[in-house]
Amino acid sequence: MLRKLGNFERALLITSRHAPFNIVSVLQMENAPIPDTLRKALEILQKRQPLLCASIQDGKGKPFFEDLPSAKLPFTLIERTDKNQWQNLVEQEMNFHYNHEKGPLFRVVYLYKDGFGDLILNVHHTIMDAVSGMNLLDELLQLCAGEIAELPRVELAPAMETVYPSPYKGFSKIFKLANYALAQMGEMAQFMWRTRGKRVPAVKFGGKGKMATLTLPENLVDALARQGRKKGITLNSILNTALMQATNRHLYRGESLPMQTFAFANLRSSTIPPIDAKSLANYISMLRFTQDISGDASFWILAEELNEKIYYVLKKGDKFNAATMSEPLMKMFIAMKSMRMGATALSYTGAVPLKTQYGKIKPLGIHGIVSAYDLGPELSSQARLFNNELLWDFIYLDSDMDRATVEKIIAEIKLVLEKASQKQG
């Protein structure tokens, strides 16, 4: 046994038992490494990271990571025939259901031809977050470019709650957790009361996960950031507001009503000691926010309200409480099977910490997709800054909406942001 799963890891495992719940990363490259070079680099990284050589055993209700001493590299090579070929494969990978007891908890698909390559890395959500995923890709590119030859094995990161600040662990956490749980119950009761007779995200079983993507140019992102700084509003809040307002206009007919969205907090720098990006693990917290939205409301007023809510919750320390409560929350949603977790979700990770070139290898684009599932938000998304652009990936179920509807929402998001970049108010 490597170690027992922590609270948040168990919540992710519970979700993945209900439906596939994977992180699928895509790295598009020019002068890409030949398949043998990539395979050897991946083998080095697999030996370096304990969780790339692990399975999850149930342990009579107390699941734990177990070492797989003879774990093989799950590597598939496919001829690259089209620059958009990766999107269909990503949809297959996000719907792939891991046998977590057999392991390993990741798999690789490589599209390659004539110096162009699209690396698709599919990882079980329990073992990776965006920070460690980006570090993994950085080390992979360094190995492929010959900038480094070997990497030592890293120590497995501890369960997240064991390295929380003292007020959020042991007996000290009980009062904070109780207050947090009561506040969440009150917010949910109020949401249900205020949405009586109105559209809410409906549970629809049997859908398949699909993806779409949007690229925002540098000039638009810079203009939004400038406008946001004048108001003290983060780009994360700006993007999340546009996502909610566009979704409201196309799925909720622009009606004024409360909507629920998710934002995500990186806890690595908040633990004691801080957890380095080199340790492959999942150290995030999911935070749900209820926001009054209407199709014709002032964008900047909505963005300021959401920004204040996010700031207050992070300052108060609820990111620790949310992670601790994630396991009973997921058990409740899965047991009920009658309520969605929210309408939208955005994971904004800021600037991608990759170089523009590794030897001759030139990264062209990077995408991140998390599996959609029937109890999750109707429209989830991941966004990041790379090569002076904002790359924004959207995930939905075909049982919730068709591609034409998603494309309308995405076009609306861009329109909302373009208007917001021009003026405040």
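Everything below is about the structure shown above.
Residues numbered from 1 in each chain as written. Predicted model: local features only at pLDDT ≥ 70, side-chain atom pairs only at ≥ 80, totals over all residues. Heavy atoms only, no water.

### Details of the nonpolar core
In this structure, Trp 392, Ile 413 and Leu 417 are the most contacted members of the largest nonpolar core, which totals 123 residues. Per element, the largest residue contribution to this core is 8 residues, and it comes from helix 7 (residues 235-251). Not counting residues up to four positions away in its chain, the partners in contact with Leu 417 are Leu 216, Leu 220, Leu 224, Ile 238, Leu 239, Ala 242, Phe 299 and Trp 392. Counting 14 residues, the second-largest nonpolar core is a separate cluster that includes Val 26, Val 90, Met 94 and Leu 397. (Core = buried A, V, L, I, M, F, W, Y, C linked by side-chain atoms within 4.5 Å. Buried < 20%, exposed > 50% of the residue type's maximum accessible area, 1.4 Å probe, protein only. Helix = DSSP H or I, 4+ residues; strand = E, 2+ residues; numbered from the N terminus. Contact = heavy atoms within 4.5 Å.)

### Side note on the sheet that holds strand 6 (residues 106-113)
Pairing between the strands of a sheet is mediated by backbone hydrogen bonds and can be parallel or antiparallel. Strand order in the open sheet made by the 5 strands is 5-6-7-2-12, with mixed pairing throughout. Looking at which strands have only one partner, the edges of the open sheet turn out to be strand 5 (75-79) and strand 12 (362-370). The average undirected angle you get between the axes of adjacent strands in this sheet is 15°. Across 8 bridges, the pairing between strand 2 (residues 22-30) and strand 12 is antiparallel. Bridge pairing in strand 12 links Val 26 to His 367. Taken strand by strand, helix 3 (residues 85-94) contacts strand 2, strand 5, strand 6, strand 7 (116-124) and strand 12, and its axis lies near 160° from that of strand 2. (Pairing = 2+ DSSP bridges. Axes fitted to C-alpha atoms, helices over the stretch in contact; angles between N-to-C directions.)

### Description of the pattern of salt bridges
According to the stated counting rule, one finds 21 salt bridges in the structure shown. We note a salt bridge from Glu 79 to Lys 113, for which the minimum N-O separation is 3.2 Å. With Glu 79 in strand 5 and Lys 113 in strand 6, this pair connects stretches of sequence that are 34 residues apart. Looking at Lys 113, the relative accessible area reads 37%, which means it is partly exposed. One salt-bridge network, in which partners are shared between bridges, spans Arg 10, Glu 327 and Lys 331. (Salt bridge = Lys/Arg side-chain N within 4 Å of Asp/Glu carboxyl O.)

### Details of the side chain of Asp 138
Among the secondary structure elements, Asp 138 is positioned in helix 4 (residues 130-145). Despite its burial, Asp 138 pairs with no opposite charge; the closest candidate is Lys 355, at 5.9 Å N-O. At a separation of 2.8 Å, a polar atom in the side chain of Asp 138 contacts the side chain of Gln 142. At a separation of 2.5 Å, a polar atom in the side chain of Asp 138 contacts the side chain of Tyr 358. For Asp 138, the residues in contact, after removing those within four places along its chain, are Pro 353, Leu 354 and Tyr 358. (Lys, Arg positive; Asp, Glu negative; His and termini not counted. Polar contact = N/O pair within 3.5 Å; in protein donor to acceptor, adjacent residues only side chain to side chain.)

### Concerning the packing of aromatic side chains
In total, this model carries 8 aromatic pairs according to the counting rule given. Note on Tyr 164 and Phe 320: the rings are 5.0 Å apart at their centroids and 65° apart in plane angle, and the pair reads as edge-to-face. Of this pair, Tyr 164 sits in the loop between helix 4 and helix 5 (173-194) while Phe 320 sits in helix 9 (residues 318-336), and the two are 156 residues apart along the sequence. Take Tyr 164 and Phe 320: they sit in the same class, and that class is buried. In this structure an aromatic cluster arises from ring pairing among Phe 75, Tyr 110 and Tyr 112. Over the ring of Phe 96 we find Arg 107, and its NZ or CZ is 3.8 Å from the ring centre. Cation over ring: Arg 199 sits above Tyr 252, and NZ or CZ is 4.4 Å from the ring centre. (Phe/Tyr/Trp six-rings, centres within 6.5 Å; stacked < 30°, edge-to-face > 60°. Lys NZ or Arg CZ within 6 Å of the ring centre and 35° of its normal.)

### Here's the deal with the environment of Gln 291
With respect to the helices and strands, Gln 291 occurs in strand 10 (residues 284-293). Given the relative accessible area of 0%, Gln 291 is considered buried. A sequence separation of 32 residues divides Gln 291 from Met 259, and the C-alpha atoms of the two residues are 5.4 Å apart. Not counting the four nearest positions on each side in its chain, Gln 291 is found in contact with Met 244, Leu 257, Pro 258, Met 259, Leu 302, Glu 305, Leu 306 and Lys 309. At 2.8 Å, the side chain of Gln 291 and the side chain of Glu 305 are in polar contact.

### Examining helix 9
At Ser 326, helix 9 is deflected by roughly 50°, the largest bend along its length, and proline Pro 328 occurs up to four residues later in sequence. For helix 9, the full list of buried residues reads Asp 318, Lys 319, Phe 320, Asn 321, Ala 322, Ala 323, Thr 324, Ser 326, Glu 327, Met 330, Phe 333 and Ile 334. In the core, the buried residues of helix 9 are packed alongside helix 1 (7-18), helix 5, strand 9 (257-266), strand 10 and helix 8 (299-316). Lys 337 sits one or two residues past helix 9 and shows a positive phi near 50°. (Bend = angle between axes of the 7 residues up to and from the residue.)

### Side note on the side chain of Arg 340
Structurally, the position occupied by Arg 340 is in the loop between helix 9 and strand 11 (344-351). At 3.4 Å, the side chain of Arg 340 and the backbone oxygen of Pro 377 are in polar contact. Look past the residues within four positions of Arg 340 in its chain and what remains in contact with it is Pro 201, Ala 202, Val 203, Lys 204, Phe 333, Tyr 373, Asp 374, Leu 375, Gly 376, Pro 377, Glu 378 and Asp 400.

### Some thoughts on the sheet that holds strand 3 (residues 54-57)
With respect to topology, 3 strands assemble into an open sheet ordered 1-4-3, the strand pairing being antiparallel. Pairing within the sheet leaves two strands with one partner each, and these edge strands are strand 1 (3-4) and strand 3. By the bridge criterion, 2 bridges tie strand 1 to strand 4 (residues 64-67) in an arrangement that is antiparallel. When the sheet's bridge partners are listed, Arg 3 is paired in strand 4 with Phe 65.

### Details of the pairing of strand 9
Counting buried positions over the 10 residues of strand 9 gives 8, a clear majority of the element. Note that strand 9 and strand 10 share 10 bridges and pair antiparallel. If you follow Asn 266 over to strand 10, its bridge partner there is Ile 284.

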